Amino acid sequence: MKKIHKILIANRGEITVRIIRTCREMGIKTVAVFSEVDRNAPHVLLADEAYCIGAAAPAESYLNINKIIEVAQKSGAEAIHPGYGFLAENAGFATAVSEAGLIFIGPNPDTIALMGSKTESRKAMIAANVPVVPGTKDALASPEDARKAVDAINGYPVLIKAAAGGGGKGMRIVKNAGELERAFLAAKNEALKSFGDDTVYIEKYIEAPKHIEIQIIADQHGNACHLLERECSIQRRHQKIIEECPSSVISPETREKMGAVAVQAAHACGYVNAGTVEFLYDTDGSFYFLEMNTRLQVEHPVTEEVLGLDLVRLQIMIAKGQALPFTQAEIQPEGVSIECRINAEDVFNNFVPSTGKIAHMRLPAGPGIRVDSGVRSHSEISPFYDSMVAKLVVWAPNRETALARMKRALLEYEIIGIDTTIPFCLAALDHPAFHDGSFTTQFVDLYWAKLLDEMPDETTLAEIAAISIVLHEEELSEKLPDDGSQNGKPAEVLSPWKLQQYRALRSR
Ligand code: ADP
């Protein structure tokens, strides 16, 4: 068994804070790294030690492999946790970490490389009898190849995807033959620009699927378990925004089947540590492997809440060489957990990132609430990094209470100075399709524009506008009293939902 006394976290933001918390509970010292603009960020202040590793641009700091390893060695850390994003799925980084005599808290580099290629992972899954979305196994060289591939899967619609894809980039939906050549070239171009690799392939486009993923965990001794599913169908730009565990529509039999397939996938690639097998779940109940994420997932807290587990603790135990402390039969879920991603985005303007300073922030609290946040009042949301600033997670004994609790918490969330996804989340949770569980990945396209049209009337909005203007003039960051009230108006009147509704209407 290896010993770990000190861990360097090669990341920033909420996930670094999250990892530091578990390390502290385990008596492990932590080392943070930061870019010049993150000098006063919560992850830096919370760590036992912190080192500046370069300029704001990720290539000069959070992606600088040599620098990060140098800091790990200098500080005496025995292990590196990559978090998610940045270097988390970079096989070269995992290799460099091991070659430097350090422990990489994650799977081995070969698994990361295999799963990093959508085409290679599809081949591996087909070989392991895991159902994949119908499509091509190999890269498509020309529009002519693409045409043949479409014929082979019985026609349109199809999705052109980048083999090296991630973050929803490099994907093009093609509805008919006339669109194929242009979409093929555009996807190739975007893939080259985003990933330095223009390999693309084709999948059948499943029109209204659910995105259901299975958390898996595997130790170095050949034991692997699945830790239930997460429902992640509420997405914009192919990126998740609300997640839930368990799914309200997956039956115990399907859960068992999908879980078994995910474990099969893990064994097939010699998986070690925490990972996620993503599936598309079609209306007829069939499901298809989409990809495997070889890291801790953003939405891991909903799994933790329902299973009473700490996935980061398990990751560290596994990296040390310990065996899984439970068997599949011992995994017993309790209650329901929902996560809303609080992103700095303008939901009324196509979810574009919203940068700037957080003038005022007060987090929700009370029964069943967990906030994993990487910012505080006066933090600057930088255009250099992703737009997620926090995750609001609730747990309750049943789904109805979880929904009510999440709504209550979203309304308690005070954040002024940037636009956030809170208004969208509130509206989504209120939607009948969310309540009955019938929502799919098409939720935003189908319902959001309509919801925008159902905003309050002009009088209410004018009232809100007046308050909003007073607040801005008085520099609310300094003036807001602790209870969040202003000029005798209750805090509820200042809710970001209403302020943002006003702004949206005014800008039309
Ligand atoms: P990325 O790695 O860029 O996140 P994924 O392959 O995980 O890409 O897909 C992201 C999302 O795109 C999925 O959750 C789903 O909403 C949509 N998607 C991907 N492939 C398909 C497909 N074949 N049919 C329909 N939707 C898809």
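Preceding this paragraph is the structure being described.
Residues numbered from 1 in each chain as written. Predicted model: local features only at pLDDT ≥ 70, side-chain atom pairs only at ≥ 80, totals over all residues. Heavy atoms only, no water.

## Brief notes about the sheet that holds strand β11 (residues 239–245)
Reasoning step 1: Read from one edge to the other, the open sheet built from 8 strands follows the order β13-β12-β9-β10-β11-β14-β21-β19, with strand pairing classed as antiparallel. One side of each edge strand has no neighbouring strand; the edge strands of this open sheet are β13 (287–293) and β19 (369–373). Strand-to-strand twist in this sheet, taken as the mean axis angle between neighbours without regard to direction, amounts to 25°.
Reasoning step 2: Examined bridge by bridge, strand β9 (residues 210–218) and strand β10 (residues 224–236) share 6 bridges and lie antiparallel to one another. (Pairing = 2+ DSSP bridges. Helix = DSSP H or I, 4+ residues; strand = E, 2+ residues; numbered from the N terminus. Axes fitted to C-alpha atoms, helices over the stretch in contact; angles between N-to-C directions.)

## So, the pattern of salt bridges
Between side chains of opposite charge, pairing is possible as soon as their charged atoms come close.
Reasoning step 1: Enumeration over the complete set of coordinates arrives at 31 salt bridges.
Reasoning step 2: Between Arg12 and Asp38 there is a salt bridge, and its shortest N-O distance comes to 2.7 Å. Linking Arg12 in the loop between β1 (6–9) and α1 (13–25) with Asp38 in the loop between β2 (29–35) and α2 (42–46), this pair joins segments that are 26 residues apart in sequence. In this pair, the class of Arg12 matches that of Asp38, namely buried.
Reasoning step 3: When salt bridges that share partners are traced, they join Glu213, Arg230, Lys240, Glu243, Glu278, Glu299 and Arg341 into one network. (Salt bridge = Lys/Arg side-chain N within 4 Å of Asp/Glu carboxyl O. Buried < 20%, exposed > 50% of the residue type's maximum accessible area, 1.4 Å probe, protein only.)

## Topic: α1
Reasoning step 1: Between its terminal C-alpha atoms α1 stretches 19 Å, which fits the 18 Å expected from 13 residues at 1.5 Å a residue.
Reasoning step 2: Of all 13 residues in α1, 10 are buried, a share of seventy percent or more.
Reasoning step 3: Among all positions of α1, only Gly13, Glu14, Ile15, Thr16, Val17, Arg18, Ile19, Ile20, Thr22 and Cys23 are buried.
Reasoning step 4: Looking one or two places after α1, you find Gly27, whose phi comes out positive at around 75°. (Expected span 1.5 Å × (residues − 1).)

## Remarks on the side chain of Thr441
Reasoning step 1: Mapped onto the secondary structure, Thr441 falls in the loop between α14 (432–435) and α15 (443–453).
Reasoning step 2: The class for Thr441 is buried, based on a relative accessible area of 17%.
Reasoning step 3: With sequence-adjacent residues up to four places away left out, Thr441 is seen in contact with Pro209, Lys210, His211, Ser233 and Gln235. (Contact = heavy atoms within 4.5 Å.)

## Quick notes on the pairing of β1
Reasoning step 1: Residue alternation in β1 divides its side chains into two sets, Lys6 and Leu8 and Ile7 and Ile9, and both sets are buried.
Reasoning step 2: Where β1 and β2 come together, 4 bridges link them in parallel fashion. The partner of Lys6 across the bridge, within β2, is Lys29.
Reasoning step 3: Two elements, β1 and strand β4 (residues 79–81), share 3 bridges in a ladder whose sense is parallel. Its bridge partner lying in β4, Leu8 is registered against Ile80.

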